[in-house]
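Close look at the chain arrangement
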Amino acid sequence: MIRRVLTLLAGLWLVSGVAWADAGDDEFEQKPWQEIEVQLPPFPQDGQFQEFYVSATASSRFYVDVPGITVGSDGVVRYVLMAIAPSGVRNITFEGMRCQTRERRIYASGRSDGTWSRARSERWLPVREATSNRQHAALFTDFFCPDGVLNYAVEDIRRALKKQGQPLGGRP
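Residues numbered from 1 in each chain as written. Predicted model: local features only at pLDDT ≥ 70, side-chain atom pairs only at ≥ 80, totals over all residues. Heavy atoms only, no water.

Bringing the pairing of strand β4 (residues 76-84) into the picture now. Where burial is concerned, most of β4 is hidden: 9 out of the 9 residues are buried. Burial of the side chains of β4 extends over both faces: Val 76, Arg 78, Val 80, Met 82 and Ile 84 are buried on one face and Val 77, Tyr 79, Leu 81 and Ala 83 on the other. Pairing of strand β2 (residues 61-65) with β4 involves 4 bridges; the strand directions are antiparallel. Within β4, the residue paired with Val 64 across the bridge is Leu 81. (Buried < 20%, exposed > 50% of the residue type's maximum accessible area, 1.4 Å probe, protein only. Helix = DSSP H or I, 4+ residues; strand = E, 2+ residues; numbered from the N terminus. Pairing = 2+ DSSP bridges.)

Pasting the structure below:
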């Protein structure tokens, strides 16, 4: 009789453990990633940009609007990037970078009148390590996603950029 009760209790314990484990698995199931709704930032001023090193072969100079760097609840670092060609032509874009997938996208391009033009494409593109045009790889590796992991501390990102680079139009 005692053996029968113990067997019954052991069976109930086993069934309840499996049921508990199944319920727990559903609880931790990963939901598909969804990007938050993105608002375009105010157009940055020249004094807010900080230069960062890209490579010895880069002919353009690259800058980030340091005060405008944000990390969204969706895990995307958003920032304004400015490239200045040797001829002096400026290209300003509002972009996002996902550390988890090593991807980036452009949300808008800057116009000469200080306004934004929304990007036509919403595609995420891979961040590539290349000899030229490696500005995104430099941001990914050196500032936003050290060791491939998102740096949620925006102040740490800003501090690293300020420590490493030169402000636009002056000395640190």
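For the rest of this paragraph, the subject is the side chain of Gln 135. Turning to its location among the elements, Gln 135 is positioned in helix α2 (residues 135-144). Taking relative accessible area as the criterion, Gln 135 reaches 11% and is therefore assigned buried. Every residue in contact with Gln 135, bar those within four places of it in the chain, is listed here: Phe 52, Val 54, Phe 62 and Leu 81. (Contact = heavy atoms within 4.5 Å.)

Turning to the nonpolar core, a few remarks are in order. The biggest cluster of nonpolar side chains holds 24 residues, and the ones touching the most others in it are Phe 52, Val 64, Ile 69, Tyr 79, Leu 139, Phe 144 and Leu 161. Of all the elements in the fold, those that place two or more residues in this core are β2, β4, α2 and α3 (154-164). In terms of residue count, α2 provides more of this core than any other element does, 6 residues in total. (Core = buried A, V, L, I, M, F, W, Y, C linked by side-chain atoms within 4.5 Å.)

It is worth spelling out unusual backbone geometry at this point. Backbone geometry places Arg 102, a non-glycine residue, at a positive phi of 55°. One can find Arg 102 in the loop between β5 (90-98) and β6 (103-110). The partly exposed category is assigned to Arg 102, whose relative accessible area is 29%. For Asp 147, which is not a glycine, the phi torsion comes out positive at approximately 60°. By secondary structure assignment, the location of Asp 147 is in the loop between α2 and α3. According to the relative accessible area criterion, Asp 147 is exposed, its value standing at 82%.

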